[in-house]
Amino acid sequence: MTVKITRVGTTKDQLGESPCWDADAQALTWIDALPGTLWRLPLEAVQAERHQLPAPVGSIAPCRSAAVVVALRKSFARYDFATRRLEHLAGIPVDHPKVRFNDGKCDAAGNFLAGTMHIDRQAGEPVLGGLYRLRTDCRVEQLADDIGFANGPCFSPDGAVLYLADSLERIIWAYDYDPDGPLRNKRVFARTQAFDSGPDGATTDSQGFLWTVLTRAARLARYAPDGELDRVIELPVSYPTSICFGGPRLEHLYLTSISRSTRLEGTLAQDGGLFQLEGLPAAGRLPHHFGDC
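Since we're looking at a predicted model, the values are computed, not measured.

Trainee: Please provide a residue-by-residue account of the packing of aromatic side chains, values included.
Mentor: On inspection of all chains with the given rule, the structure shows nine aromatic pairs. Look at Phe 101 and Tyr 132: their rings are 6.0 Å apart centre to centre, the planes differ by 85°, and that puts the pair in the edge-to-face class. One end of the pair, Phe 101, is in strand β10 (residues 99-106); the other, Tyr 132, is in strand β12 (residues 131-134), with 31 residues separating them in the sequence. Relative accessible area serves as the criterion here: at 0%, Phe 101 is assigned to the buried category. Directly above the aromatic system of Trp 173 lies the positively charged group of Lys 186, at a separation of 4.2 Å from the ring centroid. The cationic tip of Arg 222 hangs over the ring face of Phe 209; the distance from NZ or CZ to the ring centre is 3.7 Å.

Structure (structure tokens):
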């Protein structure tokens, strides 16, 4: 099977992240995390709309209306594309210069899950932050406190399994998931040490396989539901970051990348670009939306 990879548009992000597809609007949104840029690209548009959020931004997910829910440094907010208005929703009780929100995703019940990263944590230093769940009534719950660098949250097709990576540990964890209860039965789903890279952004397809970005290996890996490695795809950027399925039939996979982050700097002209992958073995699934507060 041949996978075709094409650059989309001319945007060049420092740290492209958190692509998500709005099936209602037929539009792709993503962020440039460090400067706080929010991009929105309708399916038939030639140029992406540019919006500004308070920097840095951890992640976004589509709302049920023409908006996105946003994980900022240490709080959740809702951004309306039409009014360009940012509304504060809730905060977390962590105030540390080395801790901020990172990747996030919505569950089938409309809750938004987002994890933090504890940067420059010293040996033996306890993890601050973890994984948080913003409920549709804007209450915040802490689901985990032992994830130092959260990435790639996503769900099995039936919503009963949450996958969550700790990039520094180079492990993708799996949990039994209940949108109204705690996480249970934490176990190793996959290890990525063999690629000399931690797992980054991730998603699942219609067959229940998990796709994860291997940032430092410039590759994309697909894992079967039992954790067996299915295939690996080479990517045309120095440091890919995150992915989502999109398109009219969810047949495309969209990929963001780094040109220059706080730790990594690409050497290729196309680094920082947005890319579209075609010819994959399965389509994606409809993304979950955050329930309006």
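Trainee: Residue-level account of the side chain of Asp 107, with values.
Mentor: Inspection of the secondary structure assignment puts Asp 107 in the loop between β10 and β11 (112-118). Among buried charged residues, Asp 107 stands out as having no salt bridge; its nearest opposite-charge side chain is Arg 133, 4.9 Å away. Side-chain polar atoms of Asp 107 contact the backbone nitrogen of Ala 109, separated by 3.0 Å. A distance of 2.9 Å separates a polar side-chain atom of Asp 107 from the backbone nitrogen of Asn 111. When neighbours within four sequence positions are excluded, Asp 107 is seen to be in contact with Leu 113, Arg 133, Phe 155, Tyr 177, Pro 179 and His 288.

Trainee: Summarise the sheet that holds strand β4 (residues 37-42); cite the residues concerned and give the values.
Mentor: Sheet architecture is open: four strands sit in the order β2-β3-β4-β5, paired in antiparallel fashion. Every other strand in the sheet has two partners, leaving β2 (16-22) and β5 (49-52) as the edge strands with one partner each. Each adjacent strand pair in this sheet contributes to an overall mean axis angle of 20°, direction not counted.

Trainee: Got a sec to walk through unusual backbone geometry? Specific residues and values, please.
Mentor: Between Ala 55 and the following residue, Pro 56, the backbone shows a cis peptide bond with an omega angle of -10°. With a phi angle near 50°, Ser 18 is a residue other than glycine that sits in the positive phi range. Following the sequence through the fold, Ser 18 ends up in strand β2. For Asp 196, which is not glycine, the phi torsion reads 55° and is therefore positive.

How each quantity is defined
- Residues numbered from 1 in each chain as written.
- Predicted model: local features only at pLDDT ≥ 70, side-chain atom pairs only at ≥ 80, totals over all residues.
- Heavy atoms only, no water.
- Phe/Tyr/Trp six-rings, centres within 6.5 Å; stacked < 30°, edge-to-face > 60°.
- Helix = DSSP H or I, 4+ residues; strand = E, 2+ residues; numbered from the N terminus.
- Buried < 20%, exposed > 50% of the residue type's maximum accessible area, 1.4 Å probe, protein only.
- Lys NZ or Arg CZ within 6 Å of the ring centre and 35° of its normal.
- Lys, Arg positive; Asp, Glu negative; His and termini not counted.
- Salt bridge = Lys/Arg side-chain N within 4 Å of Asp/Glu carboxyl O.
- Polar contact = N/O pair within 3.5 Å; in protein donor to acceptor, adjacent residues only side chain to side chain.
- Contact = heavy atoms within 4.5 Å.
- Pairing = 2+ DSSP bridges.
- Axes fitted to C-alpha atoms, helices over the stretch in contact; angles between N-to-C directions.

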